[in-house]
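Structural characterization, general
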Amino acid sequence: MIAYGKQTIDKNDIDEVIKTLKSDYLTTGPKVAEFEEELAKKLNFKYVVVVSSGTAALHLASKVLLHQGDKVITTPNSFLATSNSILYQKAKPIFVDIDRNGLIDLDLVEFELKKQKIKALYLVTFSGFPFDDKKLKYLKEKYGVKILLDNAHYFGGGFCDIATYSFHPVKHITTFEGGAIGTNDKKIYKKLLMLRNHGIIKDNKMYPWEYKMVELGYNYRLSDVACALGLSQLKKIDTFLEKRKQIAKIYHEKLTKVTPLYPYNKKSSYHLFVVRYPFKNLDKKAQFFTKMKEKGISLQYHYIPINQQPYYIKKGYFKKFKNMQEYYLQAFSLPIYPTLTQKEQNYIIECLEELL
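So, here's what we can say about the structure. Here the structure is a predicted model, which is why all the values come from computation and not from measurement. (Residues numbered from 1 in each chain as written. Predicted model: local features only at pLDDT ≥ 70, side-chain atom pairs only at ≥ 80, totals over all residues. Heavy atoms only, no water.)

The next point concerns the pattern of salt bridges. Across all of its chains, the model carries 18 salt bridges by this definition. One salt bridge connects Lys295 with Glu354, and the closest N-O pair in it is separated by 3.7 Å. With a gap of 59 residues between them, Lys295 in the loop between helix H10 (282-294) and helix H11 (310-314) and Glu354 in helix H13 (residues 342-355) connect regions that are remote in the sequence. Judged by relative accessible area, Lys295 falls into the partly exposed class, the value being 29%. Each of Asp10, Asp13 and Lys236 takes part in one network of salt bridges that share partners. (Salt bridge = Lys/Arg side-chain N within 4 Å of Asp/Glu carboxyl O. Helix = DSSP H or I, 4+ residues; strand = E, 2+ residues; numbered from the N terminus. Buried < 20%, exposed > 50% of the residue type's maximum accessible area, 1.4 Å probe, protein only.)

Spelled out as structure tokens, the structure:
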């Protein structure tokens, strides 16, 4: 079965994990700081805090940015964790329709900003396609909003107060499960470190064993073993990204029956390769998925509109957005990952063209 995405692990990765398993530190050791330092360089942030998952990253970022009752603009086209992190803080997500490229429509975002007081924008760099930094800077300066970039799909920085990352196996690099938070704000950085570790600060002025819990925090630490894998993976990130772009380019050149989500773009990290096809209904789309699976190809869809999930409907968030509904009917994700072979890709294209 050809999956839509999967990890790329080699002997160096395995050796680094084994080496750390044999060391004195399995957690809260030197590999954590080393991984954070290398990530900060690659992602172009002053500070990076690694955590146990992408969801943990979003949770801690929301803990720093939001208070109860705050209104936060976000997209219906993401995994649940993005907007769930807003609800964790008892804040209110305001869903806005997407653009043709799958990202939130920033013109509609500004329309909402003119209508009501908004605390923050939670923007998802969907599929790996980055936002226009000039536009984000304009929105922040004009409306005084905080900006969080959910970069689970994008390996890079961007104009923001905080960016979050996921190192799940299907992402650009993996630490088994894992995530990170990037910021240029030292105050935010210090608070994130504390919240990651039970809300504790070290204070041994009186006694050598003393520490103090000053806020309600969490155990969201990432182990040294995971960070050892992350460091090994990070050395290959440029190769991984280049391979994804090569695969994306071939899809663009050879596909005739479907429309890629956006024209080929070198700035995209291509976590996903999303295409559109005018299915008559969701049943027809499901039949197509089944037929592709019978040929050994596992497609995926990203994402069911968040505000149409049962929990969100119960909370009063249900709304049908024109572009999101069309996208839900038409879009699906093709396999893309560094070890996908040319032969496998040709087979995917052949089967897709035949069935459509």
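Picking up where we left off.
The strand order across the open sheet formed by three strands is S10-S11-S12, and the pairing between neighbours is antiparallel. Each edge of the open sheet carries a strand with a single partner, namely strand S10 (259-260) and strand S12 (331-334). When S10 meets strand S11 (residues 273-276), the two strands line up antiparallel, connected through two bridges. What sits directly across from Pro260, in S11, is Val275. (Pairing = 2+ DSSP bridges.)

Further remarks concern the pairing of strand S6 (residues 162-166). Among the five residues of S6, five are classified as buried, and the element is accordingly described as predominantly covered. By the alternation rule, side chains of S6 split into Ile162, Thr164 and Ser166 and Ala163 and Tyr165, which are all buried.

A word on unusual backbone geometry. The residue after His302, namely Tyr303, is reached through a cis peptide bond having omega 0 degrees. Inspection of the secondary structure puts Tyr303 in the loop between H10 and H11. For Asn44, which is not a glycine, the phi torsion comes out positive at approximately 65 degrees. Take Asn44: it is sitting in the loop between helix H2 (30-43) and strand S1 (47-51).

All right, on to the environment of Asn77 then. Summarising the element assignment, Asn77 is placed in the loop between strand S2 (71-74) and helix H4 (81-88). Remark: the alpha-carbon pair of Asn77 and Met324, spanning 247 residues in sequence, is separated by 7.4 Å. Apart from residues lying up to four places away in sequence, Asn77 is in contact with Ile98, Gly102, Phe126, His302, Tyr303, Met324 and Tyr327. One polar contact links the side chain of Asn77 to the main-chain carbonyl oxygen of Gly102, over a distance of 3.1 Å. (Contact = heavy atoms within 4.5 Å. Polar contact = N/O pair within 3.5 Å; in protein donor to acceptor, adjacent residues only side chain to side chain.)

Applying the stated criterion across every chain, the model contains 24 aromatic pairs. Centroid distance Tyr47 to Tyr189: 4.6 Å. Interplanar angle 15 degrees. Geometry classified as stacked. Of the two residues, Tyr47 sits in strand S1 while Tyr189 sits in helix H7 (residues 186-196), which places them 142 residues apart along the sequence. Both residues of the pair, Tyr47 and Tyr189, count as buried. On the basis of an interplanar angle of 75 degrees and a centroid distance of 5.9 Å, the ring pair of Phe95 and Tyr312 is categorised as edge-to-face. With Phe95 in strand S3 (residues 92-95) and Tyr312 in helix H11, the pair connects residues that are 217 residues apart, well separated along the chain. An identical accessibility class is assigned to Phe95 and Tyr312; each is buried. An aromatic cluster of at least three residues, connected via ring pairs, comprises Phe79, Phe126, Tyr301, Tyr303, Tyr327 and Tyr328. (Phe/Tyr/Trp six-rings, centres within 6.5 Å; stacked < 30°, edge-to-face > 60°.)

Moving on, we get to H13. A turn of α-helix holds 3.6 residues, and therefore any two residues three or four places apart point the same way. Look at H13: 20 Å from first C-alpha to last across 14 residues, which is about the 20 Å you get at 1.5 Å a residue. Those residues of H13 that are buried are in contact with helix H9 (237-254), H10 and S12. (Expected span 1.5 Å × (residues − 1).)

The subject of this paragraph is the sheet that holds S1. Strand pairing in a sheet is mediated by backbone hydrogen bonds. Such pairs are either parallel or antiparallel. Here seven strands make up an open sheet; going across it, the order is S1-S7-S6-S5-S4-S2-S3 and the pairing mixed. Whereas interior strands pair on both sides, the edge strands pair on one side only; in this sheet they are S1 and S3. For this sheet, the mean angle separating the axes of adjacent strands, direction not counted, is 20 degrees. Looking at chain direction, S1 and strand S7 (residues 179-183) are connected through five bridges and run antiparallel. Directly across from Val50, in S7, lies its bridge partner Ala180. Sheet strands touched by helix H6 (residues 133-143): strand S4 (120-124) and strand S5 (146-150). Its angle to S5, the strand with the most contacts, is close to 150 degrees. (Axes fitted to C-alpha atoms, helices over the stretch in contact; angles between N-to-C directions.)

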